[in-house]
Amino acid sequence: MDKANLPTFSVLPRHVGIIMDGNGRWAKKRGLPRYKGHVEGAKTFRKIGEFAGDLGIQYLTFYAFSTENWSRPPEEVAAIMDLFRDYLRELDERKAENEEKGIKVHFLGDRHGIPKDIQRMMGYSERITRKKHHVILNIAINYGGRQEILHGVQALAHEVEKGKLRAKDITEQMISDHLYTASMPDPDLIIRPSGEYRLSNFLLWQSAYAELWFSDVLWPDFTEEDFVEALRAYEHRNRRFGGV
Ligand code: IPE
Ligand code: IPE
Ligand code: MG
């Protein structure tokens, strides 16, 4: 989309979550191995991430790999890990550009269990993009919403065990503060392509009042126009948060 003619919106979500789904089916439809779908999906991720930043979305969370995705064939998992490596290398190569654009990268998920070299690159990418920022780009890798809540609850229980906190004093805010998204606003809009109508363990706590938008488009085919369509739908949502 032409950068000089970006669409404008009456309301824009502050935080958008995207479940990048449908890579495998995209490849299958073309008689290609599944990893080819992930290669294309990774391109879509770059394109939509950049576009969302240009539109002024402040927080973006991309679901890239779930705690459940380890159950896939090892060669598929290895291919996805290689794509992470490529992306992380690219972040290093483009650090000046990203700094100029004010992009700060942050990873959500359990770092243990991810190959060590990727963990190191993740830490490095977060450090090199830590300066002034307009856009927080969260990438959820080895992420599971239940696992995230469990870890937060365990940390709080530990405080109780040490006598630093009383169980009845635990607040919702404290739980939020123990999640990977601590200090970030909850997602306003969650987008799921590929014709599936579920969250698949994505931002379970944080999505309590998120608007959901589904599309049949497979992620590798997802365009900037599809993203605009989701934002247009969001513009017309009436968020009541339980009120009237
Ligand atoms: C999403 O695409 C990518 C990951 C979960 C890593 P899929 O690989 O789940 O694609 P489908 O759902 O099989 O089409
Ligand atoms: C959700 O997609 C996870 C990611 C996009 C990373 P899945 O393909 O793993 O979800 P299910 O299995 O269809 O629920
Ligand atoms: Mg899938």
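Refer to the structure presented above.
Residues numbered from 1 in each chain as written. Chains lettered and ligands numbered in written order. Predicted model: local features only at pLDDT ≥ 70, side-chain atom pairs only at ≥ 80, totals over all residues. Heavy atoms only, no water.

**Q** Before we move on, can you summarise the packing of aromatic side chains with the specific residues and values?
**A** In this structure the tally under the stated criterion is 13 aromatic pairs. Ring centres of Tyr63 and Phe202 lie 4.6 Å apart, and the angle between their planes is 15°; this geometry places the pair in the stacked category. Here Phe202 lies in the loop between β5 (189-192) and β6 (211-214) and Tyr63 lies in strand β2 (residues 59-66), a separation of 139 residues in the sequence. Using a relative accessible area of 0% as the deciding quantity, one classes Phe202 as buried. Counting every residue linked through ring pairs, the aromatic cluster contains Phe45, Phe62, Tyr87, Trp219 and Phe222. (Phe/Tyr/Trp six-rings, centres within 6.5 Å; stacked < 30°, edge-to-face > 60°. Helix = DSSP H or I, 4+ residues; strand = E, 2+ residues; numbered from the N terminus. Buried < 20%, exposed > 50% of the residue type's maximum accessible area, 1.4 Å probe, protein only.)

**Q** Pulling in residues and values, what's your account of the site of ligand 2?
**A** The immediate surroundings of ligand 2 are formed by Ile19, Met20, Asp21, Tyr63, Ala64, Phe65, Ser66, Asn69, Arg72, Arg192, Arg198 and Ser200. Within the contact set of ligand 2, an oxygen atom lies 2.9 Å away from a side-chain nitrogen or oxygen of Asn69. Bound to the protein, ligand 2 loses 77% of the 390 Å² it would expose on its own. At four residues, the largest contribution of residues to the shell around ligand 2 is made by β2. Residues belonging to the shell around ligand 2 are distributed by class as follows: five nonpolar, three polar and four charged. (Near = heavy atom within 4 Å. Polar contact = N/O pair within 3.5 Å; in protein donor to acceptor, adjacent residues only side chain to side chain. Areas by Shrake-Rupley, 256 points an atom, 1.4 Å probe, with all protein chains shown as cover. Nonpolar A, V, L, I, M, F, W, Y, C, P; charged D, E, K, R; others polar.)

**Q** Explain the pairing of β6 to me, using residue names and the numbers behind them.
**A** Because side chains alternate across β6, one face comprises the buried residues Glu211 and Trp213, and the other comprises Leu212 and Phe214, none of which is buried. Note: β5 against β6, four bridges, orientation parallel. Of the residues in β6, the one forming a bridge with Ile191 is Trp213. (Pairing = 2+ DSSP bridges.)

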